[in-house]
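What follows is the residue order along each chain.
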There are 2 protein chains.
Amino acid sequence: MVTIADVARHAGVSPSTVSYVLSGKRAISAATRERVEASIKALGYHPHAGARALASSRANVVALVLPLRTDMHVPILLQIAMAIVTAARGHDHDVLLLTNDEGVEGLHRVARSALVDAVIVMDVELHDPRVPVLRELGLPSVLIGFPADSAGLTCVDLDFAAAAGMCVDHLADLGHTAVALIGPPAGVLERGTGFARRTVAGFEEAAARRGLRAVVRSCEPLHEAVQTTVKELFAEHPEITGLVVHNEPALPPLLQALRGLETAVPRDVSVVAVGPQELAAQVTPTPTMVSIPAEEMGRRAVELLMDKLNGREAPNATLIPPNLTPGHSTAPPPARS
Amino acid sequence: MVTIADVARHAGVSPSTVSYVLSGKRAISAATRERVEASIKALGYHPHAGARALASSRANVVALVLPLRTDMHVPILLQIAMAIVTAARGHDHDVLLLTNDEGVEGLHRVARSALVDAVIVMDVELHDPRVPVLRELGLPSVLIGFPADSAGLTCVDLDFAAAAGMCVDHLADLGHTAVALIGPPAGVLERGTGFARRTVAGFEEAAARRGLRAVVRSCEPLHEAVQTTVKELFAEHPEITGLVVHNEPALPPLLQALRGLETAVPRDVSVVAVGPQELAAQVTPTPTMVSIPAEEMGRRAVELLMDKLNGREAPNATLIPPNLTPGHSTAPPPARS
DNA sequence: TCAGCCCATCGAAGCGCTTCGATGCTCCGG
DNA sequence: CCGGAGCATCGAAGCGCTTCGATGGGCTGA
């Protein structure tokens, strides 16, 4: 193994000088710096992570806690995770993957053993058992999602209320007067996932504001369930001409079901989806959608974490503004018959 | 921070004794061990990971390299990753998440800096640029998937050839005489992903062995593409009565398309799928399928890695035998008209 | 011309742990 | 009753790095 002493010898300086070249914590003359950097390259030196962590009490590793069973759409989860890794690397940090099946104990362990010096928690529930542990550990942390009580925590999420509102506004602007929200399965709401509730709230608030009739439905992502839901919805509320879908896996079967009902999209009914951008490529017509900015969520989470690690203040709540991309699934409602 | 010296003082022993209690590398009397363990619990001691890594030159961390763009079905990827984390924890190791966008350089970095002492690489391609790096680093490593040249490497994967063969056998046993394989998009094959090729090979080999007429088709997972593919397939080969589908996202639209063609499953055509077990719950009829054992793949990979870390010999290739679960999508072919 | 300062660099201590040889027991056989 | 074997434990060195105070040389300004 190549050590800092080897580099120092090779460059004709002391080990501490090499260390200062690496960290930039003291001024080093350009000549010396270049010589040292050349030696580092020549020898292929990489500082020993453990030694560095021991001496500096900074591991330069952040823990990423993934849920074992997830409410979120899995591909999004992974996209966010990847974005987090990439962003963390940009700040010279690595990412340690933790699952919830080791329980909250795992958080304790990695924190107390100084394996990591910060934590990102994904897919936070309203009453998440990890939240009190985070408070207690006193490590810098960022949550993706909002728990019921977010006092003193740093949370990041898409502004789902605004996203739903944006969908409603889009439909209202087109002239629709009665709309429905097709949300995630009932279980997700019951388990207390914040984003689902915020979508519903935003939907209802916007509908009220715009004077629209509004209906909310949960929906399992199974083909049959979708079909039934849609059929019932139009039977009970024939006046509905606009659908907001916040349920990724249900979108393809939903469009399929509409086709089956001889309901043309967007001629007879308009559909706006909230979900990952890739979904747009998988269905026809290309849906008008508010996309979930996985990359930005990951990046923002890391930036906030780095702020906290560097002693800067971080805002308590970061709501990422939604972005609606027009597609071919929305149009003005059919003329009154 | 609580150190080993604090524990030693509390228990009235020397630090080395505490260390030996923890590692079990020397005999310690039962009385002393209990006293030390009590002190550890009382003080809430967790060994400092960096210090431990420095002194023992063992980080007890394995790197998990995920691809950025993936050929595999994303939920499976994540399932395997989670299984790896869980299994690694069972062997007192943690998992560091690496993406490929840092490139092969990231592997070098974590290895040379002793951040990790072993590597698991997922979604290996036939000519994977990471493979030569693994050889060069000399770290214990396990690949999930097979590269073109796997000499000297330890690889784990589902036995896709056997899986495809099992599907063919199932159809042949039911009396089918002409079958087709609906594989992944052409791009996946071209990029040289081993599992796709092995499926094709296994399919053709088994069909030949059983004297079946066999056709192979690639298919994009878009609704329209699936529909076209199916239509063309039956137009060109009306004799086909059995389908093997190795393309997760295409399965739901495929069943849908068959329904559209007034082709009843399994009355007119039988369908066997290769994919994750959860898929079965999302479509009707419940498909007969060979499931991809994500949990087992992750676990086996870790076990092999631990063997190598502990100086034991690990087999070069581990092919996990497939498992066919009968469903309601296969039946004998319709009587000849 | 020299005190005083700052810049660049060095040396050494110490981070918390593991590990190896040394040490003091106890217990056995002769 | 004593030498030697073996068990349980201790002490100290050292892993590779960071960091703090110290040092020395080149300037500046009076």
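See the structure above.
In what follows, the accompanying structure is described. Predicted model only: the values in this text are computed from it and were never measured. (Residues numbered from 1 in each chain as written. Chains lettered and ligands numbered in written order. Predicted model: local features only at pLDDT ≥ 70, side-chain atom pairs only at ≥ 80, totals over all residues. Heavy atoms only, no water.)

1. A word on the layout of surface pockets
Rule in force here: Cavities and pockets are found on a 1 Å grid laid over the protein atoms alone: a cavity is a set of points where a 1.4 Å probe fits but cannot escape, a pocket is an open set with protein on both sides within 12 Å along at least five of seven lines, and a lining residue has an atom within 4 Å of such a point. Grid points are joined across faces, edges and corners, and a volume is the space filled by probe spheres set on the points. Helix and strand labels come from DSSP, where a helix needs a run of H or I of at least four residues and a strand needs a run of E of at least two; each type is numbered from the N terminus.
Space inside the second largest pocket adds up to approximately 1,100 Å³. Around the second largest pocket, the lining comprises 35 residues; the ones closest to its centre are A:P47, A:R52, A:S56, A:N60 and A:D92. The set of elements that each furnish at least two residues to the lining of the second largest pocket consists of α2 (15-23), α4 (49-56) and α14 (294-309) of chain A together with α6 (104-112) of chain B. At six residues, α4(A) tops the list of elements feeding residues into the lining of the second largest pocket.

2. Some words on the protein's contact with DNA strand C
Stated formally: A cutoff of 4 Å decides nearness: a residue is near a molecule or strand if any of its heavy atoms lies inside that distance of it. Counted as a polar contact is a pair of N or O atoms within 3.5 Å, where, for protein atoms, one must be capable of donating a hydrogen and the other of accepting one, and residues adjacent in sequence contribute only when both atoms are in side chains. In this count, Pro and Cys sit with the nonpolar residues alongside Ala, Val, Leu, Ile, Met, Phe, Trp and Tyr, while Asp, Glu, Lys and Arg are called charged and the others, Gly among them, polar.
Near DNA strand C lie 28 residues; those nearest to it are A:T17, A:T32, B:I4, B:R26 and B:Y45. Within 4 Å of the protein, the atoms of DNA strand C are drawn from sugar and phosphate moieties in a proportion of 55%. At 3.2 Å from a base oxygen of DNA strand C is found a side-chain nitrogen or oxygen belonging to A:S16. Note that a phosphate oxygen of DNA strand C is positioned 3.1 Å from one of the side-chain N or O atoms of B:K25. Contributions of two or more residues to the surface near DNA strand C are made by α2 and α4 of chain A together with α2 (15-23) and α4 (49-56) of chain B. Among the elements that line the surface near DNA strand C, the one with the most residues is α4(B), at five residues. Of the residues contributing to the surface near DNA strand C, the split by class is 13 nonpolar, 11 polar and four charged.

3. Considerations on the interface of chain B and chain A
Note the threshold: Contacts: residue pairs with any heavy atoms within 4.5 Å of one another. What gets called buried area is simply the loss in accessible area from a 1.4 Å probe that two parts show on being joined, summed for both. What makes a salt bridge here is a side-chain nitrogen of Lys or Arg within 4 Å of a carboxyl oxygen of Asp or Glu, nothing more.
The interface is formed by 47 residues belonging to chain B together with 47 residues belonging to chain A. Of the roughly 3,900 Å² buried at the junction of chain B and chain A (both faces included), carbon and sulfur atoms supply 64%. Counting every contact that joins chain B to chain A gives four salt bridges. Between A:R89 and B:E102 there is a salt bridge, with its nearest N and O atoms 3.2 Å apart. The interface formed by chain B and chain A holds 12 residue pairs in polar contact (both at pLDDT 80 or more) in total.

4. Let's talk about the pattern of salt bridges
For clarity, the cut-off: Residue exposure (1.4 Å probe, protein chains only): buried if accessible area is under 20% of the type maximum, exposed if over 50%, otherwise partly exposed.
Per the counting criterion, the structure on display carries 38 salt bridges over all chains. Here B:E239 makes a salt bridge to B:R213, at a shortest N to O gap of 3.2 Å. Note that B:E239 is positioned in the loop between α11 (223-236) and β8 (242-245) and B:R213 in strand β7 (residues 213-218), a separation of 26 residues in sequence. The class of B:E239 is partly exposed, set by a relative accessible area of 27%. Residues joined by salt bridges that share partners form a network here, namely A:D169, A:D173, A:E205, A:R209 and A:R210.

5. Quick word on the sheet that holds β7(B)
Residues and elements named next belong to chain B. Quick reminder of the rule: Note: two strands are recorded as paired if DSSP finds a minimum of 2 bridges between them. Angles run from 0 to 180 degrees between N-to-C directions of axes, and those axes are lines fitted to C-alpha atoms, restricted for helices to the stretch in contact.
Sheet architecture is open: six strands sit in the order β7-β6-β8-β9-β10-β12, paired in mixed fashion. Pairing within the sheet leaves two strands with one partner each, and these edge strands are β7 and β12 (324-325). Sheet contacts for helix α8 (residues 160-174): β6 (178-183), β8, β9 (270-275), β10 (288-291) and β12; angle to β9, the most-contacted strand, approximately 165°. The strands touched by α11 within the sheet are β6, β7 and β8, with β7 carrying the most contacts at an inclination of about 155°.

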